[in-house]
Amino acid sequence: MSAIVENKKNRQEIVDNSLNYTMMSWSKQKGLDPFAIEKAEGVYLYDFDGRKIIDFSSGLMNSNIGYGDQRVTDAVVKQMQQVAFISPACVSQVRGDLGKKLAEICPGDLNRAFFTLCGASSIENAIKLARLHTGRHKIFTRYQSYHGATIGAISAGGDPRKLAVDSQQAPNFIHFDLQDAYHYEYSEENLLKDSVASLERQIEYEGPNNIAAILLEGESGTSGCLQYPKGYMKEVRKICDKYGILLIMDEVMSGFGRTGKWFGFQNHDIVPDMICMAKGLTCGYLPLGCLMVSERIAEKYDDAVLPLGLTYSAHSVSCAAALEVLKIYEEDNLIEKAVEMGKYIESRIEDLKKIHPSIGDFRNTGLLGCIELVKNRETKEPMAPFNAKPAEMAVMNKVAAKIKELGMYTFVRWGYIFIAPPLIITKDEVEEGLAIISEALKIADEATY
Ligand code: PLP
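Residues numbered from 1 in each chain as written. Predicted model: local features only at pLDDT ≥ 70, side-chain atom pairs only at ≥ 80, totals over all residues. Heavy atoms only, no water.

Considerations on the overall build of the protein
Here's step 1: Tallying secondary structure elements over the protein gives 13 helices and 16 strands in all.
Here's step 2: Relative to the 2.2 N^0.38 estimate, which gives 22 Å for 449 residues, the radius of gyration of the protein is 22 Å and therefore close to what a compact globule would have.
Here's step 3: With respect to the three principal axes, the spread of C-alpha positions in the protein is 70 × 60 × 45 Å.
Here's step 4: Counting every position in the protein, which comprises 449 residues, the buried fraction comes to 53%.
Here's step 5: Sequence separation of 24 or more characterises 73% of the internal contacts of the protein that already satisfy a separation of 6 or more.
Here's step 6: Between the mean site of the 50 positive side-chain charges and the mean site of the 60 negative ones, the protein shows a separation of 2 Å. (Helix = DSSP H or I, 4+ residues; strand = E, 2+ residues; numbered from the N terminus. Rg over C-alpha atoms; globule rule 2.2 N^0.38 Å. Buried < 20%, exposed > 50% of the residue type's maximum accessible area, 1.4 Å probe, protein only. Contact = heavy atoms within 4.5 Å. Lys, Arg positive; Asp, Glu negative; His and termini not counted. Charge placed at Lys NZ, Arg CZ, Asp CG, Glu CD.)

A short note on helix α10 (residues 316-331)
Here's step 1: In this model, α10 (16 residues) spans 22 Å end to end at C-alpha, consistent with the 22 Å of a helix rising 1.5 Å per residue.
Here's step 2: Among the residues of α10, those classed as buried are Ser316, Val317, Ser318, Cys319, Ala320, Ala321, Ala322, Glu324, Val325, Leu326, Ile328 and Tyr329.
Here's step 3: Where α10 is buried, its residues touch α3 (70-82), α4 (93-105) and α11 (334-355). (Expected span 1.5 Å × (residues − 1).)

Here we look at the packing of helix α7 (residues 188-206) against helix α8 (residues 232-243)
Here's step 1: At a minimum axis distance of 10 Å, the contact between α7 and α8 shows a crossing angle of 25°. Taken as axis vectors, α7 and α8 run roughly parallel relative to one another. Considering only the axes of α7 and α8, their crossing is right-handed. Here Leu192, Ser195, Val196, Leu199, Glu200, Ile203 and Glu204 of α7 come into contact with α8, specifically with Tyr232, Glu235, Val236, Ile239, Lys242 and Tyr243. (Axes fitted to C-alpha atoms, helices over the stretch in contact; angles between N-to-C directions. Parallel < 35°, antiparallel > 145°, perpendicular 65-115°, else oblique. Left-handed = near helix turned anticlockwise from the far one by under 90°.)

Notes on the site of the ligand
Here's step 1: All residues adjacent to the ligand are Cys118, Gly119, Ala120, Tyr146, His147, Gly148, Glu217, Asp250, Val252, Met253 and Lys279.
Here's step 2: Tyr146 is positioned such that a nitrogen or oxygen atom in its backbone is 3.5 Å from a nitrogen atom of the ligand.
Here's step 3: Contact distances for the ligand include 2.6 Å between a nitrogen atom and a side-chain N or O atom of Asp250.
Here's step 4: Considered on its own, the ligand offers 380 Å² of accessible surface; in the complex 81% of this is hidden by protein.
Here's step 5: In terms of residue class, the shell around the ligand is made up of five nonpolar, three polar and three charged. (Near = heavy atom within 4 Å. Polar contact = N/O pair within 3.5 Å; in protein donor to acceptor, adjacent residues only side chain to side chain. Areas by Shrake-Rupley, 256 points an atom, 1.4 Å probe, with all protein chains shown as cover. Nonpolar A, V, L, I, M, F, W, Y, C, P; charged D, E, K, R; others polar.)

Things to note about the packing of aromatic side chains
Here's step 1: Applying the stated rule across the entire model yields 14 aromatic pairs.
Here's step 2: When the centroid spacing of 5.6 Å and the interplanar angle of 75° are considered together, the rings of Trp262 and Tyr329 count as edge-to-face. Taken as a pair, Trp262 in the loop between β8 (246-250) and β9 (274-277) and Tyr329 in helix α10 lie far apart in primary sequence, 67 residues in all. Both residues of the pair, Trp262 and Tyr329, count as buried.
Here's step 3: Cluster of aromatic residues (ring-pair linked, three or more members): Phe256, Trp262, Phe263, Phe265 and Tyr329.
Here's step 4: Here the guanidinium or amino end of Lys39 rests over the ring plane of Tyr46, the centre of that ring lying 4.8 Å away.
Here's step 5: The ring of Trp414 has Arg413 sitting right over it, with the charged end atom 4.1 Å from the ring centre. (Phe/Tyr/Trp six-rings, centres within 6.5 Å; stacked < 30°, edge-to-face > 60°. Lys NZ or Arg CZ within 6 Å of the ring centre and 35° of its normal.)

Re the sheet that holds strand β10 (residues 289-294)
Here's step 1: Strand order in the open sheet made by the seven strands is β4-β10-β9-β8-β7-β5-β6, with mixed pairing throughout. Each edge of the open sheet is held by one strand with a lone partner, namely β4 (110-116) and β6 (173-176). Taking the axes of each pair of neighbouring strands and ignoring which way they run, one obtains an average angle of 20° across the sheet.
Here's step 2: Summarising the sheet, strand β7 (residues 211-217) and β8 pair through five bridges and their orientation is parallel. Bridge pairing in β8 places Ala213 opposite Leu246. (Pairing = 2+ DSSP bridges.)

What about the environment of Ser198?
Here's step 1: Relative to the helices and strands, Ser198 is located in helix α7.
Here's step 2: Taking the C-alpha atoms as reference points, Ser198 and Leu178, 20 residues apart in sequence, are found 9.2 Å from one another.

What about the sheet that holds strand β2 (residues 44-47)?
Here's step 1: The mixed open sheet is built from four strands, whose spatial order is β1-β2-β3-β14. Every interior strand has two partners, whereas the edge strands, β1 (37-41) and β14 (408-409), have only one.
Here's step 2: Bridge count for β2 against strand β3 (residues 52-55) is three bridges, and the pairing is antiparallel. Bridge pairing in β3 places Tyr44 opposite Ile54.
Here's step 3: Along the sheet, helix α13 (residues 427-446) makes contact with β2, β3 and β14, crossing β3 at roughly 95°.

Description of unusual backbone geometry
Here's step 1: Phi is positive for Cys283, close to 55°, though the residue is something other than glycine.
Here's step 2: Along the chain, Cys283 turns up in the loop between β9 and β10.
Here's step 3: Residue Cys283 is classed as buried on the basis of its relative accessible area, which comes to 3%.
Here's step 4: Here Asn387, not a glycine, exhibits a phi torsion of approximately 55°, which is positive.
Here's step 5: Within the element layout of this structure, Asn387 appears in the loop between β13 (381-382) and α12 (394-405).

Side note on the pattern of salt bridges
Here's step 1: Counted according to the given criterion, the structure contains 29 salt bridges.
Here's step 2: Close ionic contact of Asp159 with Arg161 constitutes a salt bridge, the shortest N to O distance being 2.9 Å. Here Asp159 matches Arg161 in class, with each residue buried.
Here's step 3: With its nearest N and O atoms 2.6 Å apart, the salt bridge here joins Glu431 to Arg348. One end of the pair, Glu431, is in helix α13; the other, Arg348, is in helix α11, and 83 residues separate them in sequence. (Salt bridge = Lys/Arg side-chain N within 4 Å of Asp/Glu carboxyl O.)

Observations regarding the nonpolar core
Here's step 1: In this structure, Leu102, Ile214 and Tyr329 are the most contacted members of the largest nonpolar core, which totals 101 residues.
Here's step 2: At nine residues, α10 tops the list of elements feeding residues into this core.
Here's step 3: Both domains that meet at this core, namely domain 1 (35-65 + 333-445) and domain 2 (70-331), each give it at least three residues.
Here's step 4: Each residue touching Leu102, except ones within four places of it in the same chain, is listed here: Phe115, Phe256, Met277, Leu281, Cys290, Met292 and Leu326.
Here's step 5: With 26 residues, the next largest nonpolar core counts Ala126, Met274, Ala298 and Leu308 among its residues. (Core = buried A, V, L, I, M, F, W, Y, C linked by side-chain atoms within 4.5 Å. Domains from an automatic or database assignment.)

Remember that the coordinates give geometry; whether it matters functionally is a separate question.
And the structure:
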């Protein structure tokens, strides 16, 4: 039996075991054919059958420093040999070092870290703390947002992923609509004025004294990179200050260089009261999340019990991974690189627009980008609508299948193709990926009119 055939057999067994004995997220369980990854390095995944796959969405927009960086492995091994787990009531060196480093990175008085395990657990704790701090119960969030899949976090998000569990929604989340410039009929100035006025009206309807916090993604992610109108965040900050409402930034996806700054909100020149982090904090080398809290909020617990806790809070090995990852962002100038590569991709998408009538819009900040496909540029009729039903996904399913067949992993949703590669990506690798997308777009072009 040749090595390849032998590998194929292994691959099938690996896939079968996963499909038969584990449950796959957000999917019908039958009929799946996932990439089975043997190793991963840089911006590439390698399947068990030897296929090299370019990852254009950094896993789930979290592998910012790319895969297989042995500097992280070494830091993790070293920490594991010293101390892996200790009760969160004890402290290790890396816990404090990481807290201190994050305080340096974060602006203003956002100096106190509560370590969690993932994005959703950061959100849950932010909600809890905001309510405790203000004595108010309502949390305002945008319909076009996702904040995680646990009960509180999914109720907070406006994303339709919540609709399947609608009956379980946690109470006291108020959603507001915020359109983006591409889908809005009038000018961006009008959009800003309208959106701010409508948010303020809604706050009045709900009673400002009942509202604990406004929770926003630092930059819009899986809803389609539906960027905030210019100046919007500053207005939201003003509204929060006016009514004593806390501003929580969900930087789970937009944090850690993804948008060309440490945090997405820094593109909007504001300082929030709390920041939720995960993903790029460890780039997936190990799970870790963090809720960064301002001194003003944290100091309340100098003489009162902080009613937050998780067995694995501040896990030493995850903290060691995060410390090394933060060092790599700085040593390798990855945040500057994200800005540079983002601009390069924007210019190349402009070129692709000339040959692909199906490209309606490309919305990008740093390396958090998304192509929106349309059937017609004039009418902006989407290739697949918001929350598309299976029958409405016919063209996009073919586009996604082509992308996969040509050796790319990326996030494709409704009429969106995400372009959010690791920040280490080179121009040659960008070209390789865009060539695949361009080939797949021919399918979508045929559906235009
Ligand atoms: N917040 C945002 C903006 C996200 O994009 C996600 C996940 O994609 C989350 C929160 C939830 O993070 P996790 O899946 O680590 O719980």
